[in-house]
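# Results of the structural survey
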Protein chains: 2
Amino acid sequence: MDIVDRKYRILQAIIDDYILTALPVGSRTISRKYEQKLSSATIRNEMSDLEELGYLDSPHTSAGRVPSNKAYRLYVDQMLRPVPLSVEETAFINRCFERRSHQVADLSTRIARSLSSMTRYTTAVMTRAPRSEQMLSHLQLVPVADRRVLLILVTTTGSVRQHVLDVPRAMAADELYAVSRILTARLEGTPLSDLPARLAQLGGEELGGLARAMAEQQPHEEHSDVSALVVGGRSNLLSFPEYSDVDKAKALLSVLETREKVVSLLSHNGEMEISVRIGPETGMEETKDCSIVTASYRLSDGRVNTIGLIGPTRMQYGKVLSVLGQVGRSLNELLDETGGKLE
Amino acid sequence: MDIVDRKYRILQAIIDDYILTALPVGSRTISRKYEQKLSSATIRNEMSDLEELGYLDSPHTSAGRVPSNKAYRLYVDQMLRPVPLSVEETAFINRCFERRSHQVADLSTRIARSLSSMTRYTTAVMTRAPRSEQMLSHLQLVPVADRRVLLILVTTTGSVRQHVLDVPRAMAADELYAVSRILTARLEGTPLSDLPARLAQLGGEELGGLARAMAEQQPHEEHSDVSALVVGGRSNLLSFPEYSDVDKAKALLSVLETREKVVSLLSHNGEMEISVRIGPETGMEETKDCSIVTASYRLSDGRVNTIGLIGPTRMQYGKVLSVLGQVGRSLNELLDETGGKLE
DNA sequence: ATTAGCACTCGATTCGAGTGAGTGCTAACA
DNA sequence: TGTTAGCACTCACTCGAATCGAGTGCTAAT
């Protein structure tokens, strides 16, 4: 067990060093910087074993060794020691969650910006609102123009959706209010997803054709139920030596500009609170040399907030996980304060 | 005038060729491809003159010549012949403006995507709503949660703003409606910018402290009055040889990720409908080797839509201007149909 | 089991020669 | 006088050979 323990330590040292330098690491480096009791020859033997076991790759004969995806997997599953955040870092995160002091941008944008500036990786923040779970609590029609009204839906969880409708004839504010009252009474508690159907049922002309207009003009809420997606710090990727090849950089950046692809990268989260996917585990050809760390938080109104960081597989997992942990804590604090409402 | 005319033609040929190839162009190239009546030696003399006049630069003695910013200026001001768009291209643009057929993304996003995919440059689309010009037409309060109400402001031009308020005590829908009526009556026609002041005046407790809450909690609408900003096709930049240097690419991409900077790049528009800014005219150190073409459209509700394309100074100005022109025409058509309302 | 020692590998760097596109100048020409 | 042929010269770029050096694997001694 002792020798196994040593292999383990050596592997860890290799990964640590490679994450730091992005250079293949050689036996002498380990012997000098990490395991001074052992000669480089010994390390060499161990490294040879580790390669056989599939934890190391050698780019070519006379370069050092590079951790394999299997090694990274072991690393995040078992080797990670928590990296304590500096006081400044913690403060920085907390500041980004302060009440609505600096209203400059919405919370998602602020999270994306600060995470990518702290970690130097690329950050994506997504909010999904499972439409099916939300139910109508209040409905209100407001005049906008001659034959246009604004339809406002407030759900039981307190979130608000709005949509402009074209209506067959002009209606006064008072009339619209009366209709709003009737419809609210009849439809309260209806799941949002059933709303168009229920409205179509009501159908008739008695409400000035409004119910029909509403049924027909309901926005079929995007493809998915993603309500917000912000990506920040894309240009950070260009600092990594693995993307000094412009073509590689372009391929990845282009994925990160495609909303659907980003959503799918963030979504593959097996309902874990925090998930780390390494290389091919990201599930996309273009990101087979990347790792993605995602954290999901369920808001009290049923929406799910997912924060993802993407970078080369040689990622500072320790740091990233600590930062995400702190973000999670701050976020929960904020949610407690505000009763689970975001924005 | 004849000789001047020839210089002019040669300069144009040089610019055309350089825009196409990004390679310094030599006298022989011009003589073979553009002015077969003249020998390379003659061209050489002319080029020497053109350099003296400040229209050409030579990277070093034995490379060809490269157009200067002054040359590009002349080119867009006087040399541009309209590039007719292909049927496919026109169709492509029109498709992106089709009514609300594919609701997949909002109009700005669609414009940004299609423009950057057609031109291979980076596109930014911005909508500004000059707050000062807008006046209140209708105000409505809707219950959201126990002590939270949604404030909806409809302006004379038919645009809608919403904002959630914390209120001192719970209020029923009917009561809120009554208050809405009173406030609408009193505040109709008030410019949005004066609203907080007017509300503070009303102040008193008679409305359940609502007016005060509203005065205090009015969102101070961002720094500027920019209501939407979408950037698309950033990764296109990486295809240009001028950005094969990763550091240059990073500097520019990083600008294009900073909302404020993009806004300022789009804003420097001297109220012209279409403006072309070349190199340093873009007004930002990081973009001194770029050109920016912007087009602005005033919507009938007073908002201004600005579409900008950014790329190396060696930009396909002809193509870009044609495309933007077509976009303008399609946009106007759409606006006519919908009475000037976007979204 | 560990290590010193050594031969060997192979990418990266350096250097110099050669190449070729391009210029500027001069002299001849129409 | 404007145009052109010719030529010397410049200078980035390419290519191959030589060199360097970090690193490996193996063997034999401790």
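In this text, all values refer to a predicted model and were calculated from it rather than measured experimentally. (Residues numbered from 1 in each chain as written. Chains lettered and ligands numbered in written order. Predicted model: local features only at pLDDT ≥ 70, side-chain atom pairs only at ≥ 80, totals over all residues. Heavy atoms only, no water.)

## Observations concerning the overall build of chain A
From N to C terminus, chain A includes 12 helices and 10 strands. Taken across its 343 residues, chain A has 52% of its residues classed as buried. Across chain A, every contact between residues at least 6 apart in sequence was considered, and the portion connecting residues at least 24 apart equals 58%. Counting only carbon and sulfur atoms, one obtains 51% of the accessible surface of chain A, whose full area is about 15700 Å². (Helix = DSSP H or I, 4+ residues; strand = E, 2+ residues; numbered from the N terminus. Buried < 20%, exposed > 50% of the residue type's maximum accessible area, 1.4 Å probe, protein only. Contact = heavy atoms within 4.5 Å. Areas by Shrake-Rupley, 256 points an atom, 1.4 Å probe, with all protein chains shown as cover.)

## Observations concerning the sheet that holds strand β4 (residues 136-145) of chain A
All names here are of chain A. Taken together, three strands build an open sheet; the order of strands is β4-β5-β6 and the sheet is antiparallel. The open sheet has two edge strands with one neighbour each: β4 and β6 (160-166). Here the strands of the sheet are splayed against their neighbours by 20° on average, with no regard to which way each runs. Relative to strand β5 (residues 148-155), β4 runs antiparallel, the two sharing eight bridges. (Pairing = 2+ DSSP bridges. Axes fitted to C-alpha atoms, helices over the stretch in contact; angles between N-to-C directions.)

## Remarks on the interface of chain B and chain A
Across the contact, 43 residues belong to chain B and 42 residues belong to chain A. Here chain B meets chain A over a buried area of about 3600 Å², counting both sides, of which 56% is carbon and sulfur. Scanning the region where chain B abuts chain A turns up six salt bridges. Of the charged contacts in the structure, one is a salt bridge between D174 of chain A and R181 of chain B, with a shortest N-O distance of 2.5 Å. Summed over the shared surface of chain B and chain A, the result is 10 residue pairs in polar contact (both at pLDDT 80 or more). (Buried area = accessible area lost by both parts, 1.4 Å probe. Salt bridge = Lys/Arg side-chain N within 4 Å of Asp/Glu carboxyl O. Polar contact = N/O pair within 3.5 Å; in protein donor to acceptor, adjacent residues only side chain to side chain.)

## So, the protein's contact with DNA strand C
Inspection of the region around DNA strand C gives 21 residues, with R6, T42 and S62 of chain A together with S27 and R65 of chain B positioned closest. Here a phosphate oxygen of DNA strand C and a backbone polar atom of K37 of chain A are 3.3 Å apart. Among the secondary structure elements, those contributing two or more residues to the surface near DNA strand C are α3 (40-52) of chain A together with α2 (27-33) and α3 (40-52) of chain B. Per-element accounting of the surface near DNA strand C gives the leading share, four residues, to α3 of chain A. Within the surface near DNA strand C, the residues separate by chemical class into four nonpolar, 12 polar and five charged. (Near = heavy atom within 4 Å. Nonpolar A, V, L, I, M, F, W, Y, C, P; charged D, E, K, R; others polar.)

## Focus on the pairing of strand β7 (residues 226-232) of chain B
A regular strand places its side chains on the two faces of the sheet in alternate fashion. Residue and element names in this part refer to chain B. Counting buried residues along β7, five of its seven residues qualify, which places the element largely inside the surrounding structure. Direction of pairing for strand β3 (residues 122-128) relative to β7: antiparallel, over a ladder of six bridges. The residue of β7 that forms the bridge with R128 is V226.

## As for the domain arrangement of chain A
Residue and element names in this part refer to chain A. Domain annotation for chain A reports domain 1 (5-79), domain 2 (87-130 + 225-337) and domain 3 (132-217). Domain 1 and domain 2 are separated by 29 Å when their C-alpha centres are compared. Listed by partner, the interface residues are nine residues for domain 1 and 11 residues for domain 2. Between domain 1 and domain 2, the buried area comes to about 880 Å², and carbon and sulfur atoms account for 66% of it. At the boundary of domain 1 and domain 2, one finds one salt bridge. (Domains from an automatic or database assignment.)

## Side note on unusual backbone geometry
Phi is positive for R120 of chain A, which is not a glycine, with a value near 70°. Position of R120 of chain A among the secondary structure elements: in the loop between α6 (107-119) and β3 (122-128). One non-glycine residue with positive phi stands out, namely A22 of chain B, at about 65°. Checked against the element boundaries, A22 of chain B lands in the loop between α1 (2-21) and α2.

## A word on the protein's contact with DNA strand D
Inspection of the region around DNA strand D gives 21 residues, with S27 and R65 of chain A together with R6, T42 and S62 of chain B positioned closest. Per the 4 Å cut-off to the protein, sugar and phosphate atoms form 76% of the nearby atoms of DNA strand D. In this structure, A63 of chain A approaches DNA strand D through a main-chain N or O atom, which is 3.4 Å from a sugar or linking oxygen. Within the contact set of DNA strand D, a phosphate oxygen lies 3.2 Å away from a side-chain nitrogen or oxygen of T61 of chain B. Looking at the surface near DNA strand D, the elements with two or more residues in it are α2 (27-33) and α3 of chain A together with α3 of chain B. For the surface near DNA strand D, the residue count by class is four nonpolar, 12 polar and five charged.

## Comments concerning the sheet that holds strand β10 (residues 304-312) of chain A
Across a sheet, strands are paired by hydrogen bonds formed along the backbone, either parallel or antiparallel in direction. Residue and element names in this part refer to chain A. Read across the open sheet, the five strands follow the order β7-β3-β10-β9-β8; overall the sheet is antiparallel. Two strands lie at the open edges of the sheet, namely β7 (226-232) and β8 (274-278), each paired on one side alone. Pairs of neighbouring strands in the sheet enclose a mean axial angle of 15°, with direction left out of account. In terms of strand pairing, strand β9 (residues 290-298) meets β10 through nine bridges, oriented antiparallel. By the bridge assignment for β10, Y297 is matched with N305. Relative to the sheet, α6 contacts β3, β7 and β10, its axis offset from that of β3 by approximately 155°.

## Quick look at the relation of the copies chain B and chain A
At an RMSD of 0.3 Å, chain B and chain A line up after a rotation of 180° and a shift of 0.0 Å along the axis. The symmetry that links the two subunits is that of a two-fold axis. Residues of chain B ranked by C-alpha distance from the rotation axis are headed by V246 of chain B, positioned 3.3 Å from it. (Least-squares fit on C-alpha atoms with pLDDT ≥ 70 in both.)

## Some details on the pattern of salt bridges
Considering all chains together, one arrives at 38 salt bridges over all chains under this definition. Ionic pairing is found between R65 of chain A and E51 of chain A, a salt bridge with its closest N-O pair at 2.6 Å. One end of the pair, R65 of chain A, is in the loop between β1 (56-57) and β2 (66-67); the other, E51 of chain A, is in helix α3, with 14 residues separating them in the sequence. Residue E51 of chain A is classed as partly exposed on the basis of its relative accessible area of 27%. The partner of E257 of chain A in a salt bridge is R234 of chain B, and the shortest N-O contact between them spans 3.4 Å. Remark: R234 of chain B occurs in the loop between β7 and α10 (246-255) and E257 of chain A occurs in the loop between α10 (246-255) and α11 (259-267); the pair is interchain, linking two chains. Here the residues in one salt-bridge network are R6, K7, E46 and D49 of chain A, joined through shared partners.

## What to know about helix α11 (residues 259-267) of chain B
In an α-helix, one full turn covers 3.6 residues, which means residues spaced three or four apart are oriented alike. Residue and element names in this part refer to chain B. Considered for burial, the residues of α11 that qualify are V262, V263, L265 and L266. Buried residues along α11 cover an arc of 160° about the axis, so they all sit on one side. Elements in contact with the buried residues of α11: β3, β7, α10, β8 (274-278), β9 (290-298) and β10 (304-312). (Arc of directions from axis to C-beta.)

## Some points on the packing of helix α8 (residues 195-202) of chain B against helix α9 (residues 210-217) of chain B
Residue and element names in this part refer to chain B. Running from N to C, α8 and α9 point in directions that differ by 150°, and their axes come no closer than 8 Å. On the basis of the axis angle, α8 is roughly antiparallel to α9. With respect to the hand of their crossing, α8 and α9 are arranged in left-handed fashion. Residues P196, L199, A200 and L202 of α8 pack against A211, M214 and A215 of α9. Of the residues belonging to the contact of α8 with α9, the class tally is seven nonpolar, no polar and no charged. (Parallel < 35°, antiparallel > 145°, perpendicular 65-115°, else oblique. Left-handed = near helix turned anticlockwise from the far one by under 90°.)

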